[in-house]
Amino acid sequence: MSAQTKTPPPAPLADPLEDNDADRLRIVPVRRTGQWAAAAAVLVLLALALNSVIRNDAFQWGVVGDYFTTTAVLRGLGLTLWLTALVMALGFALGTLLAVLRLSANRVLQAVGWGYVWLFRSTPILVQLLFWFNIGALYPEILGVRTVNLLGPVTVAVVGLTLHEAAYAAEVVRGGILSVERGQLEAAQSLGLGPWRRLYRIVLPQAMRSIVPPAGNMLIGTLKGTSIVSIIAVQDLLYSVQLVYHRTYQVIPLLLVATLWYVVVTSLLSVGQHYVERYYARGTGDAR
């Protein structure tokens, strides 16, 4: 009987880090040549555009500086800010009520809320303002009061913008309320809280995290949207600079004055929105 041939054990795998191989290994970063080239091209284009704006004498930057802080412009800016704040406050108050109507179990209230939102979102804001401005032609008297002298341009602007913004605010608030977990409502109901206390004690504080971002966008949109009231001779920021350039014929620099003020205020509102979002995102891990 022949002796069995023993199979030699397999040779151990060579350690890639032996024999000073570690000295020859190095990490090669991913090359992003295309991204850097695109970024460089964008920066060059931005620099060229900025240079053309600054060095173009047609913009008349000296005139812009002269009118930027004049009394007429600042008065128009003040009216724009006041109108924005008032419209947002009244619009969200009415919008919250409409959102509650839309979420009501009562079919009639649901229909009223839905109909309001549908009507005011379906018609342009300019058309709404012109209707309110000419309300005297439709209803010369309401409850014995002559409407011709009842609604001035500023009142028409407040009423028209508020009713318009309320339709959008209703959908923002409704979306925020729907984002709150159903268990929170059931827990509040089990504690014996009434509908209104459940709304402003439990639901709205939690819904604000979903409401604030679109509400911030609405605020900025309302600020810029107030410029449309110049069509009914409300002396907001845009109408104030229009009065000036109708007299001086310096259209471009005066429009730049209004543009720069809108940019400044919008930037400040964006910063404020960031901190409000951080406040309501506390404890969620999203506070950035």
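Predicted model only: the values in this text are computed from it and were never measured.

Engineer: Give a description of the UniProt feature "transmembrane region" (unreviewed entry) in the protein that names residues and reports values.
Structural biologist: On the UniProt side, "transmembrane region" (unreviewed entry) is annotated at positions that read residues 36-54, 74-101, 113-133, 218-239 and 251-271 here. In the segment residues 113-133, helix accounts for 90% and strand for 0%; the C-alpha atoms at its two ends are 25 Å apart. Measuring from the first to the last C-alpha atom of residues 251-271 gives 31 Å, for a span that is 100% helix and 0% strand.

Engineer: Give a detailed account of the side chain of histidine 164, specifying residues and quantitative values.
Structural biologist: For histidine 164, the position within the fold is in helix 8 (residues 153-178). Of the residues examined, histidine 164 reaches a relative accessible area of 11% and is grouped as buried. In this structure, histidine 164 is in contact with Phe120, Thr123, Ile125 and Gln128, ignoring residues within four places of it in sequence.

Engineer: Pulling in residues and values, what's your account of the packing of helix 4 (residues 71-102) against helix 12 (residues 251-280)?
Structural biologist: Interhelical geometry of helix 4 versus helix 12 gives an angle of 40° and a closest axis separation of 12 Å. Put simply, helix 4 runs oblique to helix 12. Judged by the sense of rotation from one axis to the other, the crossing of helix 4 with helix 12 is right-handed. Across the interface between the two elements, Val73, Leu74, Leu77, Thr80 and Leu81 of helix 4 pack against Val257, Trp261, Tyr262 and Val265 of helix 12. Residue composition of the contact of helix 4 with helix 12, by class: eight nonpolar, one polar and no charged.

Engineer: Break down the pattern of salt bridges for me, with residues and values.
Structural biologist: Side-chain pairing between opposite charges can occur once the charged atoms of the two side chains come close. Summed over the entire model, instances satisfying the criterion amount to two salt bridges. The salt bridge involving glutamate 171 is made with arginine 102; its shortest N-O contact spans 2.6 Å. Note that glutamate 171 is positioned in helix 8 and arginine 102 in helix 4, a separation of 69 residues in sequence. One salt bridge in this structure joins glutamate 171 and arginine 174, with 3.0 Å as the shortest N-O distance. Taken together, the positions of glutamate 171 and arginine 174, both in helix 8 and three residues apart, correspond to about one turn of that helix. Exposure remark for arginine 174: the relative accessible area of 22% places this residue in the partly exposed category. Here the salt bridges share partners, and the residues they tie into one network are Arg102, Glu171 and Arg174.

Quick notes on the rules
Residues numbered from 1 in each chain as written. Predicted model: local features only at pLDDT ≥ 70, side-chain atom pairs only at ≥ 80, totals over all residues. Heavy atoms only, no water. UniProt positions renumbered as here; feature names shortened; annotations may be inferred. Helix = DSSP H or I, 4+ residues; strand = E, 2+ residues; numbered from the N terminus. Buried < 20%, exposed > 50% of the residue type's maximum accessible area, 1.4 Å probe, protein only. Contact = heavy atoms within 4.5 Å. Axes fitted to C-alpha atoms, helices over the stretch in contact; angles between N-to-C directions. Parallel < 35°, antiparallel > 145°, perpendicular 65-115°, else oblique. Left-handed = near helix turned anticlockwise from the far one by under 90°. Nonpolar A, V, L, I, M, F, W, Y, C, P; charged D, E, K, R; others polar. Salt bridge = Lys/Arg side-chain N within 4 Å of Asp/Glu carboxyl O.

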